Amino acid sequence: MVSFRQIFNFYLRSSIHVALSVYALVRMTHFMFNITADQAMANFAFWGTIVGYNFVKYDALVRAKKREMRNELKLIALLSFISLLGVGYYFFQLEWITQIISLVFLVLTLLYTLPFFPNRKNARNWAGVKIYIVALCWVGVTLVLPLLNADIPLEFVFFLKCIQRFILVFVLILIFEILDLTNDDPHLKTVPQQIGVKRTKIVGLLLLLPFYFLELLKNNFIEEQLIVNAILVLALSLFLAFANEKQTKYYTSFWVESIPIFWWLMVVFL
């Protein structure tokens with residue numbers, strides 16, 4: 001009999017949870033720019049995240065151990081194939097400019113996973129680069145693509161939101177890097193490896209200040225949004241403060257990755 005723990009672990013390992021986080025950020029973008037009817041973009045981002053993340057996580061494992069695939073990995077492969085069909089279906093419902101730019105992020109994902117250059121590792125193993133590639137991809141998929149698809153002019157507020165979104169994802173990744181400090185290759189030169197855990201937390205907390213106060217630069221900022229953002233900053237600060245190498249895998253893979261979902265749900269219900 002399959003236990004709840006096994007189902008929950010599959011939910012996390014198959015990237016469904018992180019896909020929901022991406023979906024939530026796309027919906028946040030729709031809310032921020034008053035985009036009312038673009039479910040295709042949100043669904044494209046959801047299914048695309050499952051495909052992209054599972055490819056990044058399991059590509060090397062599948063190629064190296066084809067004959068030793070566990071049942072769970074086979075199910076993840078099946079889910080990824082179904083998700084790929086979903087990506088293809090919603091891809092052709094997007095505007096042509098969105099399709100073109102989404103292919104750029106596909107190339108970035110492949111570059112992140114596969115070694116394209118002779119005598120070089122993939123971008124995932126380039127020293128000090130990983131965090132910026134991941135943050136840029138999240139900004140692109142959750143902010144740039146939805147606005148392009150809705151034909152929203154890329155004005156001052158767009159660039160403001162790009163900075164905010166980049167900071168949000170950057171801080172989230174810092175928490176992951178703190179927990180992975182003992183397992184990461186020293187040559188990766190992650191932020192905690194270079195400046196230490198304490199200073200990494202300080203950097204993250206300081207970055208949350210511009211994330212919050214940039215909202216005030218909007219001409220018509222919503223007071224309720226300031227309250228929601230304040231709760232988000234408080235939650236992020238607490239997760240960052242309590243992050244350490246001894247925390248369980250669920251600390252990041254579930255709780256930290258739930259923060260974008262929590263942010264979106266606050267907007268939905270408030």
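Residues numbered from 1 in each chain as written. Predicted model: local features only at pLDDT ≥ 70, side-chain atom pairs only at ≥ 80, totals over all residues. Heavy atoms only, no water.

1. Re unusual backbone geometry
Here is step 1 of the chain: Despite not being glycine, S15 shows a phi value in the positive range, around 70°.
Here is step 2 of the chain: Its relative accessible area of 1% is what places S15 among the buried residues.
Here is step 3 of the chain: Positive phi, normally seen in glycine, also occurs at N34, with a value near 55°.
Here is step 4 of the chain: Mapped onto the elements, N34 comes out in the loop between α2 (16–32) and α3 (39–64). (Buried < 20%, exposed > 50% of the residue type's maximum accessible area, 1.4 Å probe, protein only. Helix = DSSP H or I, 4+ residues; strand = E, 2+ residues; numbered from the N terminus.)

2. Structural notes on the environment of L234
Here is step 1 of the chain: Along the chain, the position of L234 falls in helix α10 (residues 223–241).
Here is step 2 of the chain: Its relative accessible area of 52% is what places L234 among the exposed residues.
Here is step 3 of the chain: The spacing of L234 and L205 is 29 residues in sequence and 9.8 Å in space, taken between C-alpha atoms.

3. Topic: the nonpolar core
Here is step 1 of the chain: Residues F44, L168, I175, L236 and W263 are the most contacted members of the largest nonpolar core, which totals 66 residues.
Here is step 2 of the chain: Looking at this core, the elements that each hand over two or more residues are α2, α3, α4 (71–91), α6 (130–149), α7 (156–179), α9 (197–213), α10 and α12 (259–269).
Here is step 3 of the chain: In terms of residue count, the dominant contributor to this core is α7 (13 residues).
Here is step 4 of the chain: Ignoring anything within four residues of it in the chain, the contact list for L236 reads L168, V171, L172, I175, L208 and I259. (Core = buried A, V, L, I, M, F, W, Y, C linked by side-chain atoms within 4.5 Å. Contact = heavy atoms within 4.5 Å.)

4. Section: the side chain of S102
Here is step 1 of the chain: Here S102 shows up in helix α5 (residues 96–113).
Here is step 2 of the chain: With a relative accessible area of 9%, S102 lands in the buried category.
Here is step 3 of the chain: Ignoring sequence-local partners within four residues, the contact set of S102 consists of F44, F91 and L145.

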